[in-house]
Amino acid sequence: CVTCENIFNEIKPLYGTNEKETEIVNIELIKGYNQHREAKFIELLKNAKKEILYMVRLEFFSSDEIDDTAKRFIKEGGTIKSVYEVCDNFKIIRENNVVKGGGADLVKAVEYFEKSGEQVKITTEKVPNMTIFDREVVMMNIADRSKERHKEADIIIRNKDFAESMASVFESFWDKGIKP
């Protein structure tokens, strides 16, 4: 007579999870726009060895720690290639206030990135907010731009095959981007 226990014992080896596999966390979710998000990005940036591919809507730059870490990465021989989506709501800090920036402010920001050693291209196409570290780790921001920032989520995926695929997506935007 077939019992549920017998069926389960037969099916489990076929479809069950391997305990060793479950110890490896290769996907991480960060909910909300918060300090944990920035800390994770800095951690990934500090752990990068040779290449960072970065795509983002250029709205605002706010972290000196990210800036210093990126400069150090480049100085130590790493490469940072960025595709920035140019948008209407670019903001800058002027006299300790966040204000809408103009075209000249945008040019200054991009020139600053280039002087720091970053390779930069710009586009008006919508780009995924994504960073690829050493073609092994991908950090993506999943945002509904119609919602507030605290409703956002980030996904960190540690999978070389996926990272290589996303690098191909990056390269397609890079190839179509404009050198400032």
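Heads up: the structure comes first, above all this text.
This report concerns the structure included in the present document. Just so it is clear, the structure is predicted and the values come from calculations on it, not from any experiment.

What the protein chain contains, in helices and strands, is six helices and nine strands. Burial status across the protein chain gives 38% buried among its 180 residues. Nonlocal contacts in the protein chain, meaning residues at least 24 apart in sequence, comprise 71% of its contacts between residues at least 6 apart. Total accessible area on the protein chain is roughly 11,800 Å²; 52% of this is exposed by carbon and sulfur atoms.

Right, let's talk about unusual backbone geometry for a bit. Although it is not a glycine, aspartate 134 sits at a positive phi angle of roughly 55°. Along the chain, aspartate 134 turns up in the loop between strand E7 (130-133) and strand E8 (137-142). The exposure class assigned to aspartate 134 is buried, which follows from its relative accessible area of 9%. Of note, the phi angle at arginine 135 is positive, near 55°, even though the residue is not glycine. Examined against the element boundaries, arginine 135 turns out to sit in the loop between E7 and E8. Its relative accessible area of 22% is what places arginine 135 among the partly exposed residues.

What follows deals with the sheet that holds strand E9 (residues 153-158). The sheet built from seven strands is open, its strands ordered E1-E9-E8-E7-E2-E3-E6 with mixed pairing. Both outer strands of the open sheet, strand E1 (27-31) and strand E6 (119-123), are each paired with one neighbouring strand and no more. On average, each strand axis in the sheet is inclined to that of its neighbour by 15°, with strand direction left out of account. Across four bridges, strand E2 (residues 51-58) lies against E7 in antiparallel orientation. Paired with methionine 55 across the two strands is methionine 130, which belongs to E7. Contacts between helix H3 (residues 35-47) and the sheet are confined to E1, E2, E7, E8 and E9, with E9 contributing the most and set at about 25° to the helix.

Counted residue by residue, strand E3 (residues 79-86) has six buried out of eight residues, so it is predominantly covered. Taken together, the eight bridges between E2 and E3 define a ladder with parallel strand orientation. When the bridges of E3 are listed, leucine 58 appears paired with valine 86. Two strands pair when backbone bridges link them, and E3 and E6 are joined in this way by five bridges, in the parallel orientation. Note on E6: the bridge partner recorded for tyrosine 84 is isoleucine 122.

Right, let's talk about helix H6 (residues 160-176) for a bit. An α-helical turn contains 3.6 residues, so a residue and the one three or four places further along point in the same direction. The end-to-end C-alpha separation of H6 is 25 Å, in line with the 24 Å expected for 17 residues at 1.5 Å each. Among all positions in H6, only Ala163, Met166, Ala167, Phe170, Phe173 and Trp174 are buried. For H6, the angular spread of the buried residues around the axis is 120°, confining them to a single face. Exposed and oriented more than 90 degrees from the buried face of H6 are Asp161, Asp175 and Lys176. Where the residues of H6 are buried, they touch E2, E3, E6, E7 and E8. By the N-cap criterion, in which a side-chain oxygen at the helix start approaches the backbone nitrogen of a residue two or three places on, H6 is capped by asparagine 159, the distance to aspartate 161 being 3.1 Å.

Bringing the pattern of salt bridges into the picture now. Under the defined criterion, the tally for this structure stands at eleven salt bridges. The shortest N-O distance in the salt bridge between lysine 40 and glutamate 43 comes to 3.7 Å. One end of the pair is lysine 40 and the other is glutamate 43, both in helix H3 and three residues apart, which spans about a single turn. Taking the relative accessible area as the measure of exposure, glutamate 43 reaches 35% and is therefore partly exposed.

What counts, and where the lines are drawn
Residues numbered from 1 in each chain as written. Predicted model: local features only at pLDDT ≥ 70, side-chain atom pairs only at ≥ 80, totals over all residues. Heavy atoms only, no water. Helix = DSSP H or I, 4+ residues; strand = E, 2+ residues; numbered from the N terminus. Buried < 20%, exposed > 50% of the residue type's maximum accessible area, 1.4 Å probe, protein only. Contact = heavy atoms within 4.5 Å. Areas by Shrake-Rupley, 256 points an atom, 1.4 Å probe, with all protein chains shown as cover. Pairing = 2+ DSSP bridges. Axes fitted to C-alpha atoms, helices over the stretch in contact; angles between N-to-C directions. Expected span 1.5 Å × (residues − 1). Arc of directions from axis to C-beta. Polar contact = N/O pair within 3.5 Å; in protein donor to acceptor, adjacent residues only side chain to side chain. Salt bridge = Lys/Arg side-chain N within 4 Å of Asp/Glu carboxyl O.

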